[in-house]
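Analysis of the macromolecular model
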Amino acid sequence: MSSEQVWEVFRQEAEGDPMVHGGSVNAPDAELALHYAREFYGRRQESHRLWVVPREAITELDDPDLLKPPFDRSFKRPGGYIIKHKLEAAKARAALDEP
Amino acid sequence: MDQQARPTQPSGDAEAFYAHVGSGGKVEADDWMPDEYRAAVLKFVEMHANSELMGVLPERDWILRAPNLKRKLALTSKIQDEVGHAQLLYRVAEDLGKPRDAMLADLLAGKTKFHNVFHYPTRSWGDVGIIAWLVDAAAIVSQQALRDSSYAPYARTMKKICWEESVHIMHGRDVVLTLMNGTDAQRALVQEALDRWWGPLMQMHGPPTDPARDKDLHWRIKAKNNEQLRQEFLSIYVPRIRELGLRIPDPVLRYDAPSGRWEYTEPDWDELRAVVTGHGPASQQRLEFRRLNFADTQWVRDALGGSAAAAA
Amino acid sequence: MTDLTPAARDGLAELLLTLADDELVIGYWDSEWTGIAPLLEEDVAMSSISQDEIGHAAALYGMLGELTGRDPDEFAYGRQPDAYRHAPLLDHPRTDWAFTIARRFLYETADAARLESLAASSHAPLAQLIAKMRREERYHLMHLEAWVRRLAEAGGAVRERLADAFAALGPDATAVLGPLDAEEALLANGILPEPMAAIRTRWIERVGATYDGLGLSRPTGDVGPGARERHGAAFTWLHGEMTMVSRSEAGATW
């Protein structure tokens, strides 16, 4: 079956959920790929929506230098701001300033 | 490299790789991996895929014979799921570099193996219950342990398979319970089936292996050894079998509290070896059935491959 | 059900039995492909379609059971072979893939034609059940059309296999939409919105393009009498398999 392609299947569990990769099917074209995606990722009524994409259409990035670079980036994430002590100090000073 | 396998990255360091998988790290299809690891995973997954495909045949005998509409749907659906599992597993194996046609050809030529339990005949509706309940249960004990495999595509597939298999065991247990609550003849069907299937079930997880030499364990392709799996199966299912009034055909079988393990008659490992190398009671008949079916349907696969190939 | 005349009840029972037996028997034949279809992916698809038919049969027997007091399993497993009322199209065994696809396509298109008509049935419970079935049958038609097209377009020997199957099955397929014994009563009540002959003509028009494309003559509208009453050796074999376990212990629960 050398003309068969591999199709990646993404599924949405419930309305509003993100599309999540489920697996892949072999099929000669998009029409049958869709039917087979329904069978493997939807025949038990377990999916709200399916996307079927030829594997070659996917461009992958898994380079750690790009995705997990070494320098501190905590300024980009909520966990990078710890205000507990500053807040306590500010409240204490404000209490002293009250008439 | 087959067009379906992803392009590999430049070669890496085997020592670092094994340290990575040994400490719980994961591997994806297009990551660099040592040839040995790739071959070991492929062999493991291929045998699993073959087993799902051959495992369809014992139950297919009964697909037209289910005694009511509910059982007809449940059994057809179960067998459908096994075919689906074969697809999922062959897909994982294909992405390691071996085309599906090559795997099917090797299976049909007797070059690759499938699990022992699928080499035995079925004789009655009692077998249908016992297989769906206990054979699937023994399989799920292995499969749950594989959900943490170092080879991530396999681990993810095992999660899906375990979820789907849980329904089968419930169906199997329901069939057995219904028979046990039925007539004397129905209870006898179950006991007789259990008498025949107990031996293969005890052999199913394989002989105890030396952990130091078990590469699949070392590289965390699998996470538990054969004996651990068998003990787990016995702990859960012996009580459930006995509480129905069924006799397990092993007079030695008992739980030894001080050692925390089940004692049992040593399974016939010679029988296991003979069976998985194609000398089981139904091995050749089933392989021949698949060969004929495969030959009969080749024109369809060729037709899908494009008009040029369809001129057969 | 209580507001039906005896004639209407009998007519409805006949109609339900033909629908249910058709779905049961084709569901059974095609379920045989489970595990041995040409492609793993297709194996799962064909099995789903077969399971749908068994489910529809169960629902139809359920409705029939409300009229007659018998339960679905009694209908499905408790009759002698010649008491089944499925169409001759379904008396053929599974045979090979081309035959299965052709037979399935002919069945699905004929079934779609009658369900489309029955959706307007005056008998509300039937109309509702039909509406549910049609939603599932859409996929069957999509899938079978996809296969007929692919096999026809493959040309050569593949196309010939398909054409041979269509040619052989034409008359038996027409009989799916054959006249019902109680058609007059059903039409009078509006349970059947239009004569089977009208549905048949429409169906022939719809599958006509497929026959034309394969270079075959279209099915004529002729249906022999009692087409659903006699079944041959293949169905007798299937019936034996279907009832083997249920017959082994009469009255037992499985």
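Everything quoted here is computed from the prediction, not taken from an experiment.

Comments concerning the overall build of chain B
When helices and strands are counted, chain B shows 11 helices and 2 strands. Starting at the N terminus and ending at the C terminus, chain B contains elements arranged as α-α-α-α-α-α-α-α-α-β-β-α-α. The C-alpha atoms of chain B give 21 Å as radius of gyration, which agrees with the globular expectation for 312 residues (20 Å, within 12%). C-alpha extents for chain B along the principal axes are approximately 65 × 60 × 35 Å. Counting over 312 residues, chain B shows a buried share of 58%. Within chain B, contacts between residues separated by at least 24 positions form 73% of all contacts whose residues are at least 6 apart in sequence. In the form shown here, chain B has an accessible surface area of approximately 12500 Å², with 55% of it arising from carbon and sulfur atoms.

Notes on the overall build of chain C
Helix and strand counts for chain C come out as 9 helices and 0 strands. Ordered by position from N to C terminus, the α and β elements of chain C give α-α-α-α-α-α-α-α-α. Projected onto its principal axes, the C-alpha coordinates of chain C cover approximately 55 × 45 × 30 Å. Counting only residues that meet the buried cut, chain C has 60% of its 254 residues in that class. A sequence separation of at least 24 residues applies to 75% of the contacts in chain C between residues at least 6 apart.

Quick word on the interface of chain A and chain C
Between chain A and chain C, the contact holds 13 residues from the first and 14 residues from the second. Across the chain A/chain C interface, buried area totals approximately 1200 Å², and carbon plus sulfur atoms make up 57% of it. Applying the counting rule to chain A against chain C returns 3 salt bridges. Here Arg150(C) and Glu31(A) are joined by a salt bridge, their closest N and O atoms 3.0 Å apart. Connecting chain A to chain C are 8 residue pairs in polar contact (both at pLDDT 80 or more). Contributions of two or more residues to the side of chain A that touches chain C are made by β2 (20–27) and α1 (30–42) of chain A. Counting residues per element, the side of chain A that touches chain C draws most heavily on α1(A), which supplies 7 residues. Taken together, the residues of the side of chain A that touches chain C sort by class into 5 nonpolar, 2 polar and 6 charged.

Overview of the interface of chain B and chain C
Interface size is commonly expressed as the accessible surface area that is lost when the partners come together. Contact with chain B, which involves 43 residues of that partner, is made by 47 residues of chain C. Buried surface at the junction of chain B and chain C, summed over both partners, amounts to about 3900 Å²; 67% is from carbon and sulfur atoms. On inspection of chain B and its partner chain C, the count reaches 2 salt bridges. Between Arg65(B) and Glu241(C) there is a salt bridge; the shortest N-O distance is 2.9 Å. Counting residues per element, the ones that place at least two in the side of chain B that touches chain C are α2 (35–60), α3 (69–94), α6 (152–180), α7 (184–204) and α11 (283–304) of chain B. Element by element, the count of residues in the side of chain B that touches chain C is highest for α3(B), at 13 residues. A class-by-class count of the residues in the side of chain B that touches chain C yields 24 nonpolar, 12 polar and 7 charged.

Digging into the packing of α2(B) against helix α5 (residues 125–145) of chain B
When two helices pack together, their arrangement is captured by the angle between the axes and the distance separating the axes. All names here are of chain B. At a minimum axis distance of 13 Å, the contact between α2 and α5 shows a crossing angle of 175 degrees. Comparing the axis directions of α2 and α5 gives the class roughly antiparallel. Listed contacts from α5 to His48, Glu52, Pro58 and Glu59 of α2 are Ile131, Ala132 and Gln143. Looking at the contact of α2 with α5 residue by residue, the classes come out as 3 nonpolar, 2 polar and 2 charged.

Focus on the environment of Glu88(A)
Residue and element names in this part refer to chain A. With respect to the secondary-structure elements, glutamate 88 resides in helix α3 (residues 84–97). With a relative accessible area of 45%, glutamate 88 lands in the partly exposed category. Distance from glutamate 88 to leucine 32, taken between C-alpha atoms, is 63 Å for residues 56 residues apart in sequence.

Concerning unusual backbone geometry
With phi around 60 degrees, Gln45(A) is a residue other than glycine that occupies positive phi space. Within the secondary structure, Gln45(A) is located in the loop between α1 and β3 (49–54).

Examining the sheet that holds strand β1 (residues 5–12) of chain A
Two orientations exist for strands paired in a sheet by backbone hydrogen bonds: parallel and antiparallel. Residues and elements named next belong to chain A. Spatial ordering of the open sheet is given by β2-β1-β3, a layout of 3 strands whose pairing is antiparallel. Of all the strands in the sheet, the pair left with one neighbour each is β2 and β3. Strand-to-strand twist across the sheet, computed as the mean angle between neighbouring axes with direction ignored, equals 30 degrees. Pairing of β1 with β2, which is carried by 7 bridges, proceeds in the antiparallel orientation. Directly across from tryptophan 7, in β2, lies its bridge partner valine 25. Sheet strands in contact with α1 are β1, β2 and β3, and its direction is about 130 degrees off that of β2.

Section: the pattern of salt bridges
This model, assessed by the stated rule, comprises 55 salt bridges over all chains. Among the salt bridges present, the one from Arg44(A) reaches Glu164(B), with a minimum N-O distance of 3.1 Å. Within this pair, whereas Arg44(A) is found in the loop between α1 and β3, its partner Glu164(B) is found in helix α6, the two belonging to separate chains. Of the residues examined, Arg44(A) reaches a relative accessible area of 25% and is grouped as partly exposed. By relative accessible area, which is 4% here, Glu164(B) ends up buried.

With respect to helix α8 (residues 196–213) of chain C
Residue and element names in this part refer to chain C. Taking 1.5 Å of rise per residue, 18 residues should cover 26 Å, and α8 covers 26 Å from first to last C-alpha, within 8% of that figure. At valine 207, α8 is bent by approximately 40 degrees, the largest bend along its length. Here α8 has its buried residues at Met196, Ile199, Arg200, Trp203, Ile204, Val207, Gly208, Thr210 and Tyr211. Where α8 is buried, its residues contact α4 (97–118), α5 (124–153), α6 (156–174) and α7 (183–189).

Description of helix α1 (residues 14–22) of chain B
Sitting at the head of α1(B), Asp13(B) places a side-chain oxygen 3.0 Å from the backbone nitrogen of Glu15(B). At the exit of α1(B) stands Gly24(B), carrying a positive phi of roughly 100 degrees.

Quick look at the confidence of the model for chain C
Do not read the fine detail of predicted coordinates wherever pLDDT is low. Averaged over every residue, the pLDDT of chain C is 95; the share at 70 or more is 99%. Predicted as a complex, the structure gets a pTM of 0.92 and an ipTM equal to 0.95.

Some thoughts on the side chain of Glu183(C)
Residue and element names in this part refer to chain C. The topology assignment puts glutamate 183 in helix α7. Arginine 200 is the oppositely charged side chain nearest to the buried, salt-bridge-free glutamate 183, at an N-O distance of 6.4 Å. Beyond its immediate chain neighbours, meaning those up to four positions away, glutamate 183 contacts Leu192, Pro195, Met196 and Ala197.

Some points on the environment of Ala58(C)
Turning to its location among the elements, Ala58(C) is positioned in helix α2 (residues 40–68). Looking at Ala58(C), the relative accessible area reads 22%, which means it is partly exposed. Leaving out residues up to four positions away in the same chain, Ala58(C) has contacts with Leu69(B) and Pro72(C).

Cut-offs and rules
Residues numbered from 1 in each chain as written. Chains lettered and ligands numbered in written order. Predicted model: local features only at pLDDT ≥ 70, side-chain atom pairs only at ≥ 80, totals over all residues. Heavy atoms only, no water. Helix = DSSP H or I, 4+ residues; strand = E, 2+ residues; numbered from the N terminus. Rg over C-alpha atoms; globule rule 2.2 N^0.38 Å. Buried < 20%, exposed > 50% of the residue type's maximum accessible area, 1.4 Å probe, protein only. Contact = heavy atoms within 4.5 Å. Areas by Shrake-Rupley, 256 points an atom, 1.4 Å probe, with all protein chains shown as cover. Buried area = accessible area lost by both parts, 1.4 Å probe. Salt bridge = Lys/Arg side-chain N within 4 Å of Asp/Glu carboxyl O. Polar contact = N/O pair within 3.5 Å; in protein donor to acceptor, adjacent residues only side chain to side chain. Nonpolar A, V, L, I, M, F, W, Y, C, P; charged D, E, K, R; others polar. Axes fitted to C-alpha atoms, helices over the stretch in contact; angles between N-to-C directions. Parallel < 35°, antiparallel > 145°, perpendicular 65-115°, else oblique. Pairing = 2+ DSSP bridges. Expected span 1.5 Å × (residues − 1). Bend = angle between axes of the 7 residues up to and from the residue. pLDDT = per-residue confidence, 0-100. Lys, Arg positive; Asp, Glu negative; His and termini not counted.

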